[in-house]
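Now for the letters of each chain:
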Amino acid sequence: MTNFIIGTGIVFFTVAADSPAQAIEVLKKRIISASRMEHFDASRAGMSYSIVEAFAQGRLDFIVFNEDRTDILCGEYRGEFQELASRELLDALTELVPEGLRMKQLQRLYARSQTS
């Protein structure tokens with residue numbers, strides 16, 4: 001398993017998984033588990049209740065970085081998995097993405113558009 005960093009809202013989570021896509025699914029399961037707590041406790045859940053609420057309302061986007069946060073690996077925007085994180089996802093989570101990584105991702109998106 002590999003550790004991935006997942007950004008959502010203004011929070012980062014470290015998630016161990018076999019792939020970046022699986023890391024998103026693991027985090028979703030953690031959020032669902034937290035939502036089922038009889039008496040929500042942020043310290044026990046490892047997240048704030050606002051994350052749980054945003055997920056339940058379908059407003060939670062995810063961006064997956066490698067463990068060192070030097071590369072964007074994938075994401076999920078408005079419930080749709082993105083193998084290559086889109087400009088819309090970068091814009092939605094702009095607070096979490098350093099400018100250098102944002103530019104690198106935009107170059108990837110541009111390169112893909114040129115080969116399509």
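The rules behind the values
Residues numbered from 1 in each chain as written. Predicted model: local features only at pLDDT ≥ 70, side-chain atom pairs only at ≥ 80, totals over all residues. Heavy atoms only, no water. Helix = DSSP H or I, 4+ residues; strand = E, 2+ residues; numbered from the N terminus. Expected span 1.5 Å × (residues − 1). Buried < 20%, exposed > 50% of the residue type's maximum accessible area, 1.4 Å probe, protein only. Arc of directions from axis to C-beta. Contact = heavy atoms within 4.5 Å. Pairing = 2+ DSSP bridges. Axes fitted to C-alpha atoms, helices over the stretch in contact; angles between N-to-C directions.

Peer 1: Hey, could you go over helix α5 (residues 99-115) for me, with residue numbers and the actual values?
Peer 2: One turn of the α-helix equals 3.6 residues, which is why residues spaced by three or four share an orientation. The end-to-end C-alpha separation of α5 is 25 Å, in line with the 24 Å expected for 17 residues at 1.5 Å each. Residues of α5 that are buried: L101, R102, Q105 and L106. The buried residues of α5 occupy an angular sector of 135° when projected down its axis, which confines them to one face. The exposed residues of α5 that point more than 90 degrees off its buried face are G100, Q107, Y110, Q114 and T115. In this structure, the buried side of α5 is in contact with β3 (62-65), β4 (72-77) and α4 (87-92).

Peer 1: A description of the sheet that holds strand β2 (residues 11-17) should follow, citing residues and the corresponding values.
Peer 2: The 5 strands lie next to each other as β2-β1-β3-β4-β5, forming an open sheet whose pairing is antiparallel. The sheet is open, and its two borders are formed by β2 and β5 (80-82), each paired with just one other strand. This sheet shows a mean twist of 20° between the axes of neighbouring strands, independent of strand direction. Note: β4 against β5, 3 bridges, orientation antiparallel. Within β5, the residue paired with E76 across the bridge is F81.

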